[in-house]
Amino acid sequence: MKNLQLSVKSIAAQICIAAVFVFDVCAQAYAPMLHQISDEPLFASDAMSISGNFDLDSYEEFAITVKDSSGKTAIMIYDFIAPKTLKRIAEADRFEATNVRLAVGNLDEDERDEVVIVAQEGSDGAGQLTILVYDDVANHQKLQRIGDIQLEASKAQLVLADVDADDQDEIIVTAREGRDGKGKVKVMAFNLVGPNDLRLTAKADQFEAAHTQLAAGDVDGDGYDEIILTSQEGNDGTGRLAILVYDDLVGHQKLERIGDRRLEASKAEMTLADVDSDGHHEIIVAVREGRDGAGKLAIMVLDLVGPNDLRRTAEADRFEAAHAQLDAGDVDGDGRDEIVVSAQEGLDGAGKLTVLAYDDLLDRSVLMPIFDLQLDAVSIDHSIADTNNDGIADIVIPLRERRFGFGRFALLVYALDGSDDLKRPGDIRHGNLDNSSALRDGNDPETGIDVLSEHPDSWMPSLRWADGMPSGFKIRNISGSASKMSFYVDVPK
């Protein structure tokens with residue numbers, strides 16, 4: 001069994017009812033089925049969620065941040081206390097903040113996960129950047145704040161990683177100097193060295209850049225994590241795309257730059273994956289050609305082959321597309337990661353949704369597509385998950401049918417069919433159209449009546465499974481077409 005977790009993010013001005021709902025995917029011959037196993041309505045918006053083990057039992061819990069009806073940020077832990085029963089077991093004091101980032105990891109020696117929050121203080125986001133650490137110290141009563149630090153900075157990104165080989169996670173933050181987000185970029189590592197003692201233990205030289213993205217993983221094979229950034233050079237973000245690798249070489253002193261690559265590109269998406277089975281991660285980027293972001297989409301693999309030697313080792317054929325989303329996982333069962341890209345065709349992103357998987361078949365040369373799928377739809381996002389517990393990753397795509405995002409909502413699961421040659425494009429088995437594992441609304445597309453964000457309360461259409469059976473779910477609101485789309489779903493009691 002594998003749990004798929006969906007979180008609701010509101011873009012509406014008013015507070016709406018969000019819902020915590022978890023799906024379980026049951027493995028059945030020829031018919032994987034999505035089942036709702038729990039829900040709880042919340043008067044909240046702007047939700048994020050991530051799983052972790054906060055109480056050292058045999059199961060993971062869910063850490064969730066939302067904005068409540070008063071606009072304050074709430075941090076809560078949910079756990080399954082019985083089959084089909086999801087209960088809020090711990091909560092922190094609520095506070096006013098914006099631009100909240102959430103991460104989970106083990107920062108101390110208690111072996112259980114802590115919750116890390118990075119946010120801009122104040123309801124208007126004009127306050128200091130604050131880093132907060134919470135722990136379920138009292139075991140299912142209240143989340144206690146065990147570390148905090150404030151910075152004169154903004155536009156933060158957050159990731160947790162073990163960069164100093166102490167078997168505990170450090171808090172890695174990138175941020176722009178000053179509250180106005182116009183200063184230089186800082187790269188910082190924080191350690192929880194004791195109760196209520198969160199310290200800045202290492203940092204890198206500052207530099208001028210914008211549109212920073214952050215990741216961490218072992219890219220040099222030394223057994224612990226390095227810090228990877230992509231950023232557009234210059235305070236205004238009009239320079240080259242920089243891909244930078246930092247390492248805590250000395251231990252709690254200075255983050256040293258051990259890899260550096262510049263590209264005439266922009267609008268980068270990044271993930272880490274071991275695509276060549278060498279035991280450490282490669283850096284995978286999807287970028288648009290040119291600094292203005294108007295060129296073709298390029299998918300590249302970069303490998304740190306030695307000190308200060310970050311090389312482009314493989315690349316796919318470029319094509320016209322926009323709004324790229326990037327992920328990686330073993331989708332064909334060969335024991336190494338493939339690269340999965342979803343993007344809207346056309347330089348303006350007005351074309352069909354195309355989903356491609358690339359494999360490094362020729363060993364550090366050319367990324368070859370092992371499948372290529374087109375859908376007349378707009379994707380909300382995609383994720384990689386083993387939905388039927390067969391040891392092979394599947395591709396989960398929530399989308400709006402039809403190209404401009406005005407059609408029905410569907411949650412689709414795709415998997416490679418291993419009965420044919422995996423290298424031939426088109427070896428896709430769609431596991432949803434002919435069974436009951438796709439959620440769709442009940443509107444007839446021939447009538448032209450669709451669920452539009454301008455009319456969230458007009459129809460309240462019931463979602464049906466693909467075989468026509470009612471599911472009990474109801475769509476409340478779906479945003480218009482965009483690279484990132486949001487939706488509300490009312491779940492049955």
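*Asks:* Would you explain the overall build of the protein in this entry?
*Replies:* Summing up its helical and strand segments, the protein has zero helices and 35 strands in all. Going through the 493 residues of the protein one by one, you find that 55% of them count as buried. Relative to all contacts within the protein whose residues are 6 or more apart in sequence, the contacts with residues 24 or more apart total 48%. A total of about 20,900 Å² of accessible surface is found on the protein, and carbon and sulfur atoms cover 46% of it.

*Asks:* Looking at this model, I keep getting lost on the nonpolar core. Mind explaining?
*Replies:* Across soluble globular proteins, you tend to see nonpolar side chains buried next to one another. Residues Ile131, Ile171, Val173 and Phe190 are the most contacted members of the largest nonpolar core, which totals 21 residues. Going through the elements one at a time, β8 (114-121), β9 (129-135), β10 (144-151), β11 (153-161), β12 (170-177) and β13 (185-194) are the ones with two or more residues in this core. Apart from the residues within four sequence positions on either side, Val173 is in contact with Val118, Ile131, Ala156, Gln157, Leu158, Lys186, Val187, Met188, Phe190 and Leu214.

*Asks:* Can you help me understand the pairing of β9 in this one?
*Replies:* Looking along a regular strand, one sees side chains alternate from face to face of the sheet. Counting buried positions along β9 yields seven of seven residues, so the element is predominantly enclosed. Across the two faces of β9 the burial is the same, with Leu129, Ile131, Val133 and Asp135 and Thr130, Leu132 and Tyr134 all buried. With seven bridges joining them, β9 and β10 adopt antiparallel strand pairing. Within the sheet, the bridge partner assigned to Leu129 lies in β10 and is Leu151.

*Asks:* Explain the confidence of the model for the protein to me, please; I cannot follow it from the model alone.
*Replies:* Caution applies to low-pLDDT regions: their predicted coordinates should not be interpreted in detail. Looking at the protein, the pLDDT average stands at 77 and 70% of residues meet or exceed 70. Considering only residues more than four positions removed or in separate chains, one finds that residues 478-485, a stretch of pLDDT under 50, has 28 contacts.

*Asks:* What am I meant to see in unusual backbone geometry here?
*Replies:* Glycine aside, residues mostly have negative phi angles, and peptide bonds mostly take the trans form. For Lys155, which is not glycine, the phi torsion reads 55° and is therefore positive. Mapped onto the secondary structure, Lys155 falls in strand β11. Look at His323: it is not a glycine, yet its phi comes out positive at around 55°. Its place among the elements puts His323 in strand β23 (residues 321-329).

*Asks:* How should the side chain of Asp330 be read in this particular structure?
*Replies:* Structurally, Asp330 is set in the loop between β23 and β24 (338-345). Arg336 is the oppositely charged side chain nearest to the buried, salt-bridge-free Asp330, at an N-O distance of 7.6 Å. In this structure the side chain of Asp330 is engaged in a polar contact, spanning 3.5 Å, whose partner is the backbone nitrogen of Asp332. A polar contact of 2.9 Å, which involves the side chain of Asp330, links it to the backbone nitrogen of Gly333.

*Asks:* Sorry, what's going on with the pattern of salt bridges here?
*Replies:* Side chains that carry opposite charge are capable of pairing whenever their charged atoms lie near each other. For the coordinates displayed, the defined rule picks out 20 salt bridges. Taking the shortest distance from any N to any O, the salt bridge between Arg318 and Glu315 comes out at 2.6 Å. Overall, the relative accessible area of 19% leaves Glu315 in the buried class. Through salt bridges with shared partners, one network takes in Glu233, Arg240, Arg257, Asp260 and Arg262.

*Asks:* Honestly, the environment of Asp337 in this entry has me stumped. Any pointers?
*Replies:* Within the secondary structure layout, Asp337 lies in the loop between β23 and β24. C-alpha separation for the pair Asp337 and Asp327, spaced ten residues apart in sequence, amounts to 9.8 Å. Apart from residues lying up to four places away in sequence, Asp337 is in contact with Ala273, Asp274, Val275, Gly329, Asp330 and Asp359.

*Asks:* Honestly, the environment of Val331 in this entry has me stumped. Any pointers?
*Replies:* Within the fold, Val331 resides in the loop between β23 and β24. Considering only alpha carbons, one finds Val331 and Ala415, 84 residues apart in sequence, at a separation of 7.3 Å. Not counting residues within four places of it along the chain, the set of residues in contact with Val331 comprises Glu338, Val340, Ala357, Ile370, Ile392, Ala393, Ile395 and Leu416.

Parameters at a glance
- Residues numbered from 1 in each chain as written.
- Predicted model: local features only at pLDDT ≥ 70, side-chain atom pairs only at ≥ 80, totals over all residues.
- Heavy atoms only, no water.
- Helix = DSSP H or I, 4+ residues; strand = E, 2+ residues; numbered from the N terminus.
- Buried < 20%, exposed > 50% of the residue type's maximum accessible area, 1.4 Å probe, protein only.
- Contact = heavy atoms within 4.5 Å.
- Areas by Shrake-Rupley, 256 points an atom, 1.4 Å probe, with all protein chains shown as cover.
- Core = buried A, V, L, I, M, F, W, Y, C linked by side-chain atoms within 4.5 Å.
- Pairing = 2+ DSSP bridges.
- pLDDT = per-residue confidence, 0-100.
- Lys, Arg positive; Asp, Glu negative; His and termini not counted.
- Salt bridge = Lys/Arg side-chain N within 4 Å of Asp/Glu carboxyl O.
- Polar contact = N/O pair within 3.5 Å; in protein donor to acceptor, adjacent residues only side chain to side chain.

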